[in-house]
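Architecture at a glance
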Amino acid sequence: MDQKTWTDVDVYFESKLIKEDKVLEEVSRANLTAGLPPIDVAPNQGKLLHLLARMKKSKNILEIGTLGGYSTIWLARALAEGGRLVTLEYEEKHAEIARKNIIRAGLADSVEIIVGAALNTLPHLLAQGRTFDFIFIDADKPNNPHYLEWALKLSQPGAVIVGDNVVRQGCVTDGGSDDPKIQGVREFIDLLARDPRIDSTAIQTVGSKGYDGFAMGIVKE
Ligand SMILES: C[S@@+](CC[C@H](N)C(=O)[O-])C[C@H]1O[C@@H](n2cnc3c(N)ncnc32)[C@H](O)[C@@H]1O
């Protein structure tokens with residue numbers, strides 16, 4: 001099995017199961033043209049996030065790591081009536097592109113982009129008494145354990161927490177790795193394992209974005 005097969009299978013599933021979507025196609029094009037790195041979720045992964053948020057009937061979604069807003073749009077489209085999504089992004093340039101994309105998708109009224117290092121902006125959300133029923137962690141991986149701590153503080157009972165890119169081509173099993181991203185993901189998994197507030201699993205995936213995976217859990221009621 002190789003990357004070509006994984007990509008062909010993704011293209012097949014996407015052609016069957018994901019309706020042609022002019023807005024998301026334009027968003028992907030705009031992100032590439034602006035020179036954003038192609039590290040957004042794949043269309044079938046975006047749809048998975050969308051379906052999970054719909055299953056949850058989410059009204060308050062938090063995303064850590066906006067990039068150009070591709071996953072933001074998938075998630076915001078899943079919001080229940082009157083729902084809101086807050087997305088946190090460090091780079092002003094990324095946030096600016098995301099802002100335009102979110103307007104393009106007609107979601108400006110339900111999406112708020114907060115610019116800054118997430119570890120600086122998350123405490124403001126807590127101070128404002130905001131809580132969330134669905135949280136997607138997809139920013140700088142070395143900070144993953146801190147993001148999980150914040151996600152747990154900001155979660156409503158029963159909230160769903162999803163963390164992306166936890167397999168990293170299998171390197172997650174390398175405890176001696178000196179890569180801070182691998183160590184961040186391993187600490188994130190350790191915290192999921194020991195924190196009594198959340199019940200979780202992790203899944204490895206192959207596809208157009210290579211070999212990786214995601215972790216997800218439910219915050220106990
Ligand atoms: C993997 S990309 C997000 C992709 C996006 N979720 C999607 O699928 O369309 C990670 C993003 O996190 C942002 N980021 C990195 N460090 C951050 C930090 N400390 N606080 C907030 N955002 C950060 C990066 O600038 C980048 O835009």
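Structural notes, computed from the coordinates. In this text the structure is predicted, and so the values were computed from the model without any measurement.

Read across the open sheet, the seven strands follow the order β3-β2-β1-β4-β5-β7-β6; overall the sheet is mixed. Two strands close off the open sheet at either side, each with one partner strand: β3 (111-115) and β6 (198-207). Neighbour-to-neighbour, the strand axes of the sheet open up by a mean angle of 15°, direction not taken into account. Where helix α3 (residues 43-55) meets the sheet, it contacts β1 (60-64), β4 (132-137), β5 (155-164), β6 and β7 (210-219), and its direction lies at approximately 165° from that of β4. Contacts between helix α6 (residues 118-127) and the sheet are confined to β1, β2 (84-89), β3 and β4, with β2 contributing the most and set at about 150° to the helix.

For α6, the complete set of buried residues consists of Ala 118, Thr 121, Leu 122 and Leu 125. Within α6, the buried residues cover an arc of 110° as seen down the axis, which keeps them to one side. Among the exposed residues of α6, those oriented more than 90 degrees off its buried face are Asn 120 and Ala 127. Directly beyond the C-terminal end of α6, a positive phi value near 75° is found at Gly 129.

Sheet faces and side chains relate simply in a regular strand, where the side chains alternate between the two faces. Most of β2 sits out of view: five of its six residues are buried. Alignment of β1 against β2, held across five bridges, turns out to be parallel. Counted as the bridge partner of Ile 64 is Leu 88 from β2. Regarding the hand of the β-α-β motif, the stretch spanning β1, helix α4 (residues 70-76) and β2 is right-handed. Summarising the sheet, β2 and β3 pair through five bridges and their orientation is parallel. When the bridges of β3 are listed, Glu 89 appears paired with Val 115. Handedness of the β-α-β unit built from β2, helix α5 (residues 92-104) and β3 comes out right-handed.

Moving on to the site of the ligand. Inspection of the region around the ligand gives 22 residues, with Gly 65, Ser 71, Glu 89, His 94 and Asp 138 positioned closest. One of the side-chain nitrogen or oxygen atoms of Asp 140 is found 3.3 Å away from a nitrogen atom of the ligand. Note that a nitrogen atom of the ligand is positioned 3.3 Å from one of the side-chain N or O atoms of Tyr 147. About the coverage of the ligand: the protein hides 90% of its 600 Å² of free accessible area. For the shell around the ligand, the secondary-structure elements that each account for two or more residues are α4 and β2. Classifying every residue of the shell around the ligand gives 11 nonpolar, five polar and six charged.

Quick notes on the rules
Residues numbered from 1 in each chain as written. Predicted model: local features only at pLDDT ≥ 70, side-chain atom pairs only at ≥ 80, totals over all residues. Heavy atoms only, no water. Pairing = 2+ DSSP bridges. Helix = DSSP H or I, 4+ residues; strand = E, 2+ residues; numbered from the N terminus. Axes fitted to C-alpha atoms, helices over the stretch in contact; angles between N-to-C directions. Contact = heavy atoms within 4.5 Å. Buried < 20%, exposed > 50% of the residue type's maximum accessible area, 1.4 Å probe, protein only. Arc of directions from axis to C-beta. Right-handed = clockwise from strand over helix to strand, strands pointing away. Near = heavy atom within 4 Å. Polar contact = N/O pair within 3.5 Å; in protein donor to acceptor, adjacent residues only side chain to side chain. Areas by Shrake-Rupley, 256 points an atom, 1.4 Å probe, with all protein chains shown as cover. Nonpolar A, V, L, I, M, F, W, Y, C, P; charged D, E, K, R; others polar.

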